[in-house]
Amino acid sequence: MNYEVINYKDWNRSSQYLFFKEFEEPFTGVTCDVDVTKAYENAKLAKFSFFQYYLHKSLLAANDLRPFRLRIVNDELRLYEKIHASATISRADGTFGFSHIEFEKELTDFSREVVSEKERIAEDYNLFPPVHKENVIHFSAMPWLQFTSVSHARKYARPDSCPKISFGKVYKVGTVLKMPVSIHVHHGLMDGRDIGRYVDRFQTLLNEG
């Protein structure tokens, strides 16, 4: 089993968990900018696509933080060992498919996963991937827009506790490259402080040499 069932009654956030868990819309979110100057340079030097590079850093950050590995499944509170990516991947005709990209600690291994899913989606016109797991983050990229906020389509009848992270258009401020990032999370599982820790960790990883 790749997860641990948590007894919420022993959790110091049990009150918050039970409160927000019953909301029709339990998600809370923020949008902020991250500095991608170093990351963009590193991706090009290493000959990886920038999307592959920052998506990997994002998953590294999420896997480092316990709240981002929590999910509510069949009314169980689960802590997963590992979190993967379910990212929207565009096709040449303007449509897209949902991917399942396995998390790998090494960027080279992760890049192979991304390429494999891109190739599958280019030929497979099913919207959903063959693999469906709850231990994912729903990612999307909108490189055409320097957005300041994002909303997500939701089907409230379907239980959902997966974080949703969207990346926007890279833009320049002086010599610095910035990218907007929207982060929506289930408020029963984490708070604004946890989102802040994710952004800090993501930024640290983007700044690495």
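Residues numbered from 1 in each chain as written. Predicted model: local features only at pLDDT ≥ 70, side-chain atom pairs only at ≥ 80, totals over all residues. Heavy atoms only, no water.

Within an unreviewed UniProt entry, the label attached to the chain reads Chloramphenicol acetyltransferase, and the organism entered is Portibacter lacus.

**A look at unusual backbone geometry**
Positive phi, close to 65 degrees, is recorded for K47, a residue that is not glycine. Topologically, K47 is positioned in the loop between α2 (37-46) and α3 (50-64). With relative accessibility at 75%, the residue K47 sits in the exposed group. (Helix = DSSP H or I, 4+ residues; strand = E, 2+ residues; numbered from the N terminus. Buried < 20%, exposed > 50% of the residue type's maximum accessible area, 1.4 Å probe, protein only.)

**A few points about the sheet that holds strand β1 (residues 3-6)**
Spatially, the three strands line up as an open sheet ordered β1-β4-β3, and their pairing is antiparallel. The open sheet terminates on both sides in strands that have one partner only, identified here as β1 and β3 (70-73). For this sheet, the mean inter-axis angle between neighbouring strands, taken without regard to orientation, is 35 degrees. Strand direction decides the pairing type here: β1 and strand β4 (residues 76-80), joined by four bridges, are antiparallel. Across the sheet, Y3 pairs through a bridge with Y80, a residue of β4. (Pairing = 2+ DSSP bridges. Axes fitted to C-alpha atoms, helices over the stretch in contact; angles between N-to-C directions.)

**Focus: a nonpolar patch on the surface**
On the surface, F96, L127 and F128 cluster together into a nonpolar patch covering about 300 Å² of accessible area. Structurally, F96 can be placed in strand β6 (residues 96-98). (Patch = residues over 30% accessible without salt bridge, like charges linked within 9 Å, V, L, I, M, F, W, Y side chains within 5 Å. Areas by Shrake-Rupley, 256 points an atom, 1.4 Å probe, with all protein chains shown as cover. Salt bridge = Lys/Arg side-chain N within 4 Å of Asp/Glu carboxyl O.)

**Here we look at helix α4 (residues 107-123)**
Taking 1.5 Å as the rise per residue, α4 with 17 residues should run 24 Å; its terminal C-alpha atoms sit 25 Å apart, in good agreement. Of the positions making up α4, those classed as buried are L107, F110, S111, V114, E117, R120 and I121. Residues of α4 that are buried sit in contact with α3, β5 (84-90) and β6. (Expected span 1.5 Å × (residues − 1). Contact = heavy atoms within 4.5 Å.)

**Describing helix α1 (residues 14-21)**
Three or four residues apart is the spacing at which side chains of an α-helix point the same way, because the helix has 3.6 residues per turn. Here α1 has its buried residues at S14, Y17 and F20. Buried residues of α1, seen end-on, are gathered within an arc of 145 degrees and therefore sit on one face of the element. The elements touched by buried residues of α1 are β3, β4 and β10 (176-186). (Arc of directions from axis to C-beta.)

**With respect to the pairing of β10**
With respect to burial, β10 is a largely interior element, nine of its 11 residues being buried. Sheet analysis places strand β2 (residues 27-35) next to β10, joined by nine bridges and oriented antiparallel. What sits directly across from G29, in β10, is H184. Where strand β8 (residues 164-167) lies against β10, four bridges are found, and the strand directions are antiparallel. From the neighbouring strand, K164 faces β10, where its bridge partner is H184. Inspection of the sheet shows strand β9 (residues 171-173) paired to β10 by three bridges, in the antiparallel sense. Across the sheet, residue V173 finds its bridge partner in β10, namely V176.

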